[in-house]
Amino acid sequence: MKYLVVSDNHGDREILETIATTFADQVDVLLHCGDSELPGNDPLWETFQVVGGNCDFDPLFEDYRIITTTQDTILITHGHRYQVNHSMTSLGLLAQQVNATIVVFGHTHRLGCEQLGERLFLNPGSISQPRGLPYKSFAIIDSTPTRDRVTYYDRTMQPIEGLHFEFVKHKNP
């Protein structure tokens, strides 16, 4: 299964349209980790699985969602309610509670991925306002029964050189 993960576009609707059009036939699920600053009933949310962020005030947005595929259980949240700027502890506890195999979140505008125990934690960075590394980014997770391969992409829809990672999967949590 392939999952495209994007976050923190902060009102830039056009980039989400470009991503959806470019990758619709290449991925199985499109995930948006919040701070879109778009209405909760925007037609884009028929394409993306979305949650609300600290800059999304529409009550139609949920704080987190669980997406179950044939391959994984994905926890998607923005992360601001789980102190992701400081540690993965709160988010990890929620992931354990919902038995997630993959956890995707935004908020920090800093891209990153790591395997903590049996779970992949991934932040796609910000597609519009990055912090840390200078890349306006999103990520694609290629998930198989034995591994997760993560590749980061930029706004030109191209992989970012040197930003790809592979994690061996352990038994399901």
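Everything numeric in this text was worked out from a predicted model, so none of it was measured. (Residues numbered from 1 in each chain as written. Predicted model: local features only at pLDDT ≥ 70, side-chain atom pairs only at ≥ 80, totals over all residues. Heavy atoms only, no water.)

Student: Teacher, can you tell me more about the environment of Leu60 here?
Tutor: Turning to its location among the elements, Leu60 is positioned in the loop between strand S3 (48-50) and strand S4 (64-68). On the basis of relative accessibility, which here comes to 56%, the residue Leu60 falls in the exposed class. If we ignore the near neighbours within four places in the chain, the residues touching Leu60 are Gly40 and Asn41. (Helix = DSSP H or I, 4+ residues; strand = E, 2+ residues; numbered from the N terminus. Buried < 20%, exposed > 50% of the residue type's maximum accessible area, 1.4 Å probe, protein only. Contact = heavy atoms within 4.5 Å.)

Student: Please explain the nonpolar core as it appears in this structure.
Tutor: Note that soluble globular proteins tend to have their nonpolar side chains buried in a common cluster. Counting residues in each nonpolar core, the largest one holds 22 residues, and the members touching the most others are Leu31, Val104, Leu122, Ile141, Val150 and Tyr152. For this core, the secondary-structure elements that each account for two or more residues are strand S1 (2-6), strand S2 (29-32), strand S5 (73-77), strand S6 (102-104), strand S8 (119-123), strand S9 (137-143), strand S10 (147-154) and strand S11 (159-168). Contact partners of Val150, with chain neighbours within four places excluded, come to Cys113, Leu120, Leu122, Ala139, Ile140, Ile141, Leu163, His164, Phe165 and Phe167. Ranked by size, the runner-up nonpolar core spans 20 residues in total, among them Leu44, Phe48, Val50 and Ile127. (Core = buried A, V, L, I, M, F, W, Y, C linked by side-chain atoms within 4.5 Å.)

Student: Explain the side chain of Arg147 here, please?
Tutor: As for its placement among the helices and strands, Arg147 is situated in strand S10. Beyond its immediate sequence surroundings of up to four residues, Arg147 is in contact with Asp142, Glu166, Phe167, Val168 and Lys169.

Geometric descriptors of this kind do not, in isolation, establish any biological role.
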